[in-house]
Amino acid sequence: MFITDRGAAAPPAAARPPAPAPSHPHLAALIVQARLHGSIAMAVAYPCDAASIEAAHAAAAADLIRPLLVGPRRRIEEAAAQAGVSIAGVVIHDTDDDPRTAAARAVALCRDGEASALMKGSLHSDDLLAAAVGRDGGLRSSRRASHVFVMDVPSVERPLLITDCVVNIAPDLAAKRDIAQNAIALAHALGIPTPRIAILSAVETVNPAIPATIDAAALCKMAERGQIRGALLDGPLAFDNAISAQSARTKGIESAVAGRPDVLLVPNLEAGNMVYKQLVYLAGAECAGLVLGMRVPIVLTSRSDSVASRIASCALAVLASPRRTGIAA
């Protein structure tokens, strides 16, 4: 049963969406945690393919969201039929066939308080983000938008956040400050009171020839002076001594962060994209993610995402909802 705008009874167990595999208990725990806070209205922009409808259906069946489908009704109904999903009773905001029109309407629903989160359908991420960050969108905040992945890596005993692997291509120091603060706010929402942030580079020493090491040192000083709050920061750290306490000891690094980070702050999008995909495809990780720094959280789905990943991303949106946190400050 698809949840309507007024809510609906939980579906029977046989209709429940697949949960994260037993090897990914951290994402499963996030879903349980999110359910305790109740579902939120989520505007789904241009859900005009089967995968988009399936994602919204699965998250609704998991008691996480009340989807508001925004796009051309005819194409949405065709996508639902292709997915084998009934959308009887589901709220549809009918638009023309232009994905940018649907994006603008979905953003407006969030701006006007009719939705507490935004989810990408089958349009390009750039079209959705352009509408969200545009001056007329009304969703910009005092911080720069950034993306955070929550990784469930089988060999790591806690969730591992990575930022920013999606939005900011080559962030400068000011952008990295906002990227760090957005990740800190999400970590707090997940119940991590003082997250440990490892600021990654190729080496663990400050080298003027490697700009990321300079930025890392500056971010640590900014944290000391209260310009970044709510976390322990250390960097620059190479990936090995950020993740491995043994590696840090071997290199003589004394740090409250090295070997046990909650957050990996990457130097740029290319590095972050490679790190998270290596964890997924080589280490068997599963991930969920959000765009933060806006007045509502944004779920950017990918065609390669599993159903469990999409559900977990919606759970993050519930936990990061502005009704509960200061993420979109």
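Attention here is on the structure that accompanies the text. (Residues numbered from 1 in each chain as written. Predicted model: local features only at pLDDT ≥ 70, side-chain atom pairs only at ≥ 80, totals over all residues. Heavy atoms only, no water.)

### Notes on the pattern of salt bridges
(1) Moving on: In the structure shown here, the tally under the stated rule is 13 salt bridges.
(2) Moving on: Its salt-bridge partner being E157, residue R158 comes within 2.6 Å of it at the nearest N-O pair.
(3) Moving on: Two residues, K221 and E224, come together in a salt bridge whose shortest N-O distance is 2.9 Å. Separated by three residues within a single helix, K221 and E224 lie in helix 7 (residues 211-224), roughly one turn from each other.
(4) Moving on: On the basis of relative accessibility, which here comes to 39%, the residue K221 falls in the partly exposed class.
(5) Moving on: Each of the salt bridges in this network shares a partner with another, and the network as a whole consists of E157, R158, R196 and D262. (Salt bridge = Lys/Arg side-chain N within 4 Å of Asp/Glu carboxyl O. Helix = DSSP H or I, 4+ residues; strand = E, 2+ residues; numbered from the N terminus. Buried < 20%, exposed > 50% of the residue type's maximum accessible area, 1.4 Å probe, protein only.)

### Brief notes about helix 7
The α-helix advances 3.6 residues per turn, and as a result positions three or four apart in sequence lie on the same side.
(1) Moving on: Helix length check: helix 7 (14 residues) gives 20 Å between terminal C-alpha atoms against 20 Å at 1.5 Å per residue, within 8%.
(2) Moving on: Of the residues making up helix 7, those classed as buried are A212, T213, D215, A216, L219, C220 and M222.
(3) Moving on: Where helix 7 is buried, its residues touch helix 6 (173-189), strand 7 (196-200) and strand 8 (232-237). (Expected span 1.5 Å × (residues − 1). Contact = heavy atoms within 4.5 Å.)

### Here's the deal with the environment of M222
(1) Moving on: Looking at the element boundaries, M222 is found in helix 7.
(2) Moving on: Since its relative accessible area comes to 13%, M222 is described here as buried.

### A closer look at the environment of V266
(1) Moving on: Mapped onto the secondary structure, V266 falls in the loop between strand 9 (263-265) and helix 10 (269-283).
(2) Moving on: A relative accessible area of 3% means that V266 is categorised as buried.
(3) Moving on: C-alpha separation for the pair V266 and C165, spaced 101 residues apart in sequence, amounts to 7.7 Å.
(4) Moving on: For V266, the residues in contact, after removing those within four places along its chain, are I162, T163, D164, L200 and G272.

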